[in-house]
Amino acid sequence: MSLSKHKNVPSYDFPEEILCEVFKRLPVKYVLRCGTVQKSWYSLIKTPLFISHYCNYRKLTGHIDPKYLLFHNLDNNSFAVRSDNKQCQEYCIFSYPLGLPASSWYVHSNGLICVSTMFDEEFDYNRSIYIWNPLVQKFKTVPESPLYTLTFMKATWNALAFGFLPEINDYVVVHIIKFSSSSESLSFNSSDPSSPVKCENYPHSVIIGVYSLNTNSWRKICQDKGFVNLICSSESVFVNGTAYWAGIDSSFQSVMCFDTNTNILRKIRVHNLFPDLDVMEYLIIPFGESIAYCIEGNENNSEEDEEDYWSPHLHIWLLKDSVTVEDNKIGEFFWEMRVSLDQYVWAQVLGTRNNGDPILAKSNSLIAYDLDTQEPYDFVESYDRLTPSCYKEDSVSPFFIRPFAETLVLLDIDRNN
C-alpha cells in the first residue's frame, strides 16, 4: 500500500496521559470542541477521573487563569459570559436548556447554577431543585429534600442557598425552614401528601437540610432557635463554606448565616446603620472570605432644596470577624463602613467583579468600587453594546453580574434528568 495515499491523513492515536495533559490546560469550550474530533477523545474527557484532574488543575492555576463574569440579561432571560476586564469580551452565550424551568431563583457557584421553582409563582411554587452546568449544557434534578413534606406546615420562612466547598471539591444545597410558633403542626405521608395527620407541635423551630452533590444525598439538622423573623429576599450568598441571607429580626436588619462545616445557624445584627434612609433594597455580596452588606434607598434631606428632598443613596458595609473560631468558640462580628455615595451614580449594585469590587452604573458606563481604598474606578467605558435596546438610563438594571468560573462537573452524566 502506498504511503503517499495516506500521507495527509492525521493520526490521533496519542497516549491518554498525553491527551489529559493537553486537555486539562484548555478552556472548557475548547475541551468540548476536542471531544467532537473523535469518539475516543469524548469518552476520555467525560470520565470522572479526567473531570477530577481538570478541576484540580484549575484549582492550582486559578490565580493565573482568565477571569470571567456572568451577565444575566433580564429582558430575554439569556446569559453571557464575558471577560472580567475593561474590554468585557464575550466568551460564550447560553439560555436555559429544554426541560429546565427558567425560574427567577438561581444561584451560581464555581461554574454550576442551582435553579429552583420553590419561590416562583409562575411554576406554582413547585419544590424541585436542579443543578446545571451551562457550559456543557447538562443538568440534574436534586433528590427530594427531606424538608419537602414539612413545607406543607405553616412556615415563617423558607430559604435556599448553593455553594462550592473547594477543600473537598463538593457542591452543596442548603434548605432551611422556620416554622410558625403559633401554628398547629401537621405530619404528611410522603407517599400521599394530600392526607395530613395531626401530631404534636414540631419540637424544633428550624429544620436544615444539606445536600451533597458528591454523595447525591441529604442530611438533616435540627435547631431550636430560629433567630430571624423574616428573610428579606430569596437571594443568598455562599462564602467559605457559609451561606448568608438578608433578614429582619423585630425592627432590625440582620444577616442569617449557616456554616456547613460546624452546622451552626446564627444571626448577625446589622443594627441601625442607616437611620435617615428610606430603605428600598437589601443586598449581600461576597467579598474575599467574607461578605459586604449593601443598602439601597432614598435619604430624607429635609433641609435641602425640594428637588433634592429625596436623593438615592448607597451604603456598603463589610463584615469583620474579631476572633478566629477555635475550639468551637464563635468569633464576634462587627461591621465596617466602606462606601457611601449619593451622586452621579445610579444607586444600584449590578453585581461584583472577581476581586469582590461592586459594579455600579454611571451614565452609560460601568464603574467599580475598590472596597479597600474606598475609591471608584472606570470598569467598562460604554456598556451600550451589552444592554438590551429597551433599556432606559436610570431605570432598573437590565442585568445582574456575577463572577463566573469554568468546570466540567456533570459532563459525565448521560442525559439531563
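Use the structure listed above.
Let me sum up the structure you'll find in this document.

With respect to the packing of aromatic side chains
If you walk through the whole model with that rule in mind, you get 16 aromatic pairs. With a centroid separation of 5.5 Å and an interplanar angle of 70 degrees, the aromatic rings of Phe79 and Tyr96 are classed as edge-to-face. Pair noted here: Phe79 is in strand β2 (residues 78-83) and Tyr96 is in the loop between β3 (90-94) and β4 (105-109), with a separation of 17 residues, a long-range link. The residues Phe79 and Tyr96 share a single accessibility class, namely buried. Ring centres 5.7 Å apart and planes at 65 degrees place the aromatic pair Tyr293 and Trp335 in the edge-to-face group. In this pair, Tyr293 sits in strand β20 (residues 290-300) while Trp335 sits in strand β22 (residues 333-341), placing the two residues 42 residues apart along the sequence.

Things to note about the pattern of salt bridges
Close approach of charged atoms lets side chains of opposite charge pair. Throughout the structure, instances matching the rule amount to nine salt bridges. Two residues, Arg25 and Glu21, come together in a salt bridge whose shortest N-O distance is 2.9 Å. Given the relative accessible area of 35%, Glu21 is considered partly exposed. Linked by salt bridges that have partners in common, Glu21, Lys24 and Arg25 make up one network.

Section: the nonpolar core
Counting residues in each nonpolar core, the largest one holds 52 residues, and the members touching the most others are Ile131, Trp132, Val173 and Leu408. Setting aside its immediate chain neighbours within four residues, Leu408 contacts Val28, Val31, Leu32, Phe50, Ile51, Tyr54, Asn133 and Val136. Within the second largest apolar cluster, 19 residues are counted, among which are Val206, Ile221, Ala243 and Phe258.

What to know about the environment of Asp259
Take Asp259: it is sitting in strand β17 (residues 252-259). When the C-alpha atoms of Asp259 and Ala243 are compared, they prove to be 6.5 Å apart, with 16 residues separating the residues in sequence. Beyond its immediate stretch of four places on either side in the chain, Asp259 contacts Gly241, Thr242 and Ile264.

Overview of the layout of surface pockets
The volume enclosed by the second largest pocket comes to roughly 520 Å³. What lines the second largest pocket is a set of 21 residues, and nearest its centre among them are Thr242, Tyr244, Asp259, Asp321 and Phe333. For the lining of the second largest pocket, the element with the highest residue contribution is strand β21 (residues 310-321), accounting for four residues. Partitioned by chemical class, the residues of the lining of the second largest pocket number 11 nonpolar, five polar and five charged.

What to know about the pairing of strand β1 (residues 68-73)
Counting buried positions along β1 gives six out of six residues, so the element sits mostly inside the fold. Every second residue of β1 is oriented toward a common face, with Tyr68, Leu70 and His72 on one face and Leu69, Phe71 and Asn73 on the other, all of them buried. Relative to β2, β1 runs antiparallel, the two being bridged by six bridges. Bridging across to β2, Phe71 finds its partner in Ala80. The turn joining β1 and β2, which pair antiparallel and follow one another in sequence, is formed by four residues; a positive phi near 60 degrees is taken by Asn77.

Things to note about the pairing of strand β9 (residues 170-179)
Within β9, 10 of the 10 residues are buried, leaving the element largely enclosed by the surrounding structure. Relative to β9, strand β8 (residues 155-165) is paired through 10 bridges, and the arrangement is antiparallel. Bridge pairing in β9 places Trp157 opposite Lys178. What sits between β8 and β9 in their antiparallel hairpin is a turn of four residues, with Asn169 showing a positive phi close to 50 degrees. Relative to strand β12 (residues 206-212), β9 runs antiparallel, the two being bridged by seven bridges.

Details of the sheet that holds strand β5 (residues 112-116)
Strand order in the open sheet made by the four strands is β4-β5-β6-β7, with antiparallel pairing throughout. The open sheet has two edge strands with one neighbour each: β4 and β7 (138-141). Within this sheet the neighbouring strands show an average axis-to-axis angle of 20 degrees, counted without direction. Examined bridge by bridge, strand β6 (residues 129-133) and β7 share four bridges and lie antiparallel to one another.

Some points on a nonpolar patch on the surface
Together, Phe14, Ile18 and Val22 give the surface a local cluster of nonpolar side chains, amounting to about 280 Å² of exposed area. Structurally, the position occupied by Phe14 is in the segment before α1 (16-23). A relative accessible area of 45% means that Phe14 is categorised as partly exposed.

Topic: the side chain of Thr407
Structurally, the position occupied by Thr407 is in the segment after β27 (399-404). A residue is classified by how much of its surface remains accessible, and Thr407, at 2% relative accessible area, is buried. Only 3.2 Å separates the side chain of Thr407 from the backbone nitrogen of Val409, close enough to count as a polar contact.

Parameters at a glance
Residues numbered from 1 in each chain as written. Predicted model: local features only at pLDDT ≥ 70, side-chain atom pairs only at ≥ 80, totals over all residues. Heavy atoms only, no water. Phe/Tyr/Trp six-rings, centres within 6.5 Å; stacked < 30°, edge-to-face > 60°. Helix = DSSP H or I, 4+ residues; strand = E, 2+ residues; numbered from the N terminus. Buried < 20%, exposed > 50% of the residue type's maximum accessible area, 1.4 Å probe, protein only. Salt bridge = Lys/Arg side-chain N within 4 Å of Asp/Glu carboxyl O. Core = buried A, V, L, I, M, F, W, Y, C linked by side-chain atoms within 4.5 Å. Contact = heavy atoms within 4.5 Å. 1 Å grid on protein atoms, 1.4 Å probe; cavity = no way out; pocket = protein on both sides within 12 Å on 5 of 7 lines; lining within 4 Å. Points joined across faces, edges and corners; volume = space filled by probe spheres on them. Nonpolar A, V, L, I, M, F, W, Y, C, P; charged D, E, K, R; others polar. Pairing = 2+ DSSP bridges. Axes fitted to C-alpha atoms, helices over the stretch in contact; angles between N-to-C directions. Patch = residues over 30% accessible without salt bridge, like charges linked within 9 Å, V, L, I, M, F, W, Y side chains within 5 Å. Areas by Shrake-Rupley, 256 points an atom, 1.4 Å probe, with all protein chains shown as cover. Polar contact = N/O pair within 3.5 Å; in protein donor to acceptor, adjacent residues only side chain to side chain.

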